[in-house]
Amino acid sequence: MKLDEVMPIEERMADLRYDGTVRISNPSIGQRWQYSAIQVTYPCPLRIDSFPYDVQVCNLTIGPWNFNNEEVIVQSSTNYIEGAPQQFEGNSEWELSSIRAYSQLQPDSDETIYSSVVYQIELKRKPVYYVLVIQAPTFIMTTLTIFGIFTPFSNTPERREKVTLGLNMFVSISMMLNLVADMMPKASRLPLLGNYILAQIFVCAGAVLVSIVTLILHQRCHTRCLTPPQWLIRFLFCACCKKQIHPSSNDPPPYSVCKETPTVEILENPELLETVEKATIALRSTIDRLEHEDDIRLTWIRVFDRIDMVCLIAFQLLNVVSSTLFMR
């Protein structure tokens, strides 16, 4: 504990009352505190587990350590000190909640017992600055990141931009965690605000990872024309696919030659007619195969759009739940 005299000696006042009592503004034993000009600096250990919603309790012990309890017994005149907020001088970060006092007997190393009074000063941190500067922007960035990654408005080429967006926001939230680490003393445990930002980092990392996996699967299904399984379509769309896609072969069955095809007199050559028929069959097969592949790609686009919507809802719920648990 450190005592600093606020008022210099030449500026101290003294008055003489009618009964002969002299009052001076020099703090000493037996004088009233309202006439004392003294500043007390006392170290108080901080518990930062609930930062920035923490409440600190500082114990200020006062007693005559030159006299034991058989010689001097110290007691407080009141157990609770009340006062208007304007009577307490603080700062914009801390708010004085209460001051309580109780007497105790404290033994020394040589088994001598001393009487003392312990003042419990309860200080409550004002979290408005940390909520507006760190917590709220982190929540907004995480929300926008999830919307930007899983909004189903594009296909394979634009999905790469979503991954880039997620990585950029991931770096931004990591900088928020670095900012909190600079504000707090180095300890073995992260405070509540640090755990919240770390949870948001994991949410963004999970969203980016799911987006990368979706990008890889969509690219493989798009280039290899894989047929989507019916159970996946039923699960995502809650109904059977109206247009069945046959997964047995990539090429649809060829068209049969109609025997009633009218012949033209100019094509009386059987070999030429057979060549034209084969070309027509090949053309129809190619058109059907392209339509079949387009149907598969369109189905996969619908499937991955629905997967994006499911992931969007899931990660937003996770974001809201984590923010609700950490915000008080």
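Residue numbering note: each chain is counted from 1, following its sequence as written. The model is predicted, so local features are restricted to residues of pLDDT at least 70 and side-chain atom pairs to those at 80 or more, both for listing and for counting; the totals for chains, interfaces and linings are taken over all residues. Side-chain metrics in this entry use all non-hydrogen atoms of the structure; hydrogen atoms and water are not considered.

**Student:** Explanation requested: the overall build of the chain in the structure shown.
**Tutor:** Helical segments are the DSSP runs of H or I of at least four residues, strand segments are the runs of E of at least two, and each set is numbered from the N terminus. Within the chain one finds five helices and eight strands. Starting at the N terminus and walking to the C terminus, you meet the elements of the chain as β-β-β-β-β-β-β-β-α-α-α-α-α. Per-residue burial for the chain yields a buried fraction of 28% across its 328 residues. A contact between two residues is defined here by any heavy atoms of the two lying within 4.5 Å. Restricting to contacts in the chain with at least 6 residues of sequence separation, those with at least 24 account for 72%. Counting only carbon and sulfur atoms, one obtains 60% of the accessible surface of the chain, whose full area is about 22,300 Å². With a 1.4 Å probe rolled over the protein chains alone, any residue whose accessible area is under 20% of its type maximum counts as buried; one over 50% counts as exposed, and the rest are partly exposed. To measure how exposed things are, a 1.4 Å probe is used in the Shrake-Rupley method; for residues, cover is taken only from the protein chains shown.

**Student:** Please explain the state of the cysteines as it appears in this structure.
**Tutor:** Linking two cysteines covalently via their sulfur atoms produces the bond known as a disulfide. Criterion for a disulfide: a pair of cysteine sulfur atoms at a distance within 2.5 Å. Counted according to the given criterion, the structure contains one disulfide. Paired by a disulfide, C44 and C58 hold their sulfur atoms 1.9 Å apart. In this structure, the disulfide formed by C44 and C58 twists by about -95 degrees around the S-S bond and is classed as left-handed. Highlighted residues: C44 in the loop between β4 (38–41) and β5 (55–62) and C58 in strand β5, separated in sequence by 14 residues. Judged by its relative accessible area of 23%, C44 falls in the partly exposed class. Of the residues examined, C58 reaches a relative accessible area of 11% and is grouped as buried.

**Student:** Hey, could you run me through the environment of F237 in this one?
**Tutor:** Position of F237 among the secondary structure elements: in helix α4 (residues 230–237). Note: C-alpha distance between F237 and V303 (66 residues apart in sequence) is 8.4 Å. With sequence-adjacent residues up to four places away left out, F237 is seen in contact with R302, V303 and R306.

**Student:** Any chance you could explain unusual backbone geometry here in plain terms?
**Tutor:** Trans is the prevailing form of peptide bonds, just as negative phi is the prevailing case for residues other than glycine. Of note, the bond from F51 into P52 is cis; its omega dihedral lies within 30 degrees of zero at 5 degrees. By secondary structure assignment, the location of P52 is in the loop between β4 and β5.

**Student:** Hey, could you run me through the pairing of strand β7 (residues 94–107) in this one?
**Tutor:** For a regular strand, side chains alternate in direction, first toward one face of the sheet and then toward the other. Pairing between strands is defined by DSSP: at least two bridges between them are needed. Pairing of strand β6 (residues 80–81) with β7 involves two bridges; the strand directions are antiparallel. Looking at β7, one finds that I81 is bridged to I99. Bridge count between β7 and strand β8 (residues 113–125): 13 bridges; the pairing is antiparallel. Each bridged residue has a counterpart across the sheet, and for I99 the counterpart in β8 is I121. Turn length for the β7-β8 hairpin, with the two strands adjacent in sequence and antiparallel, is five residues, and the turn residue E111 shows positive phi of about 65 degrees.

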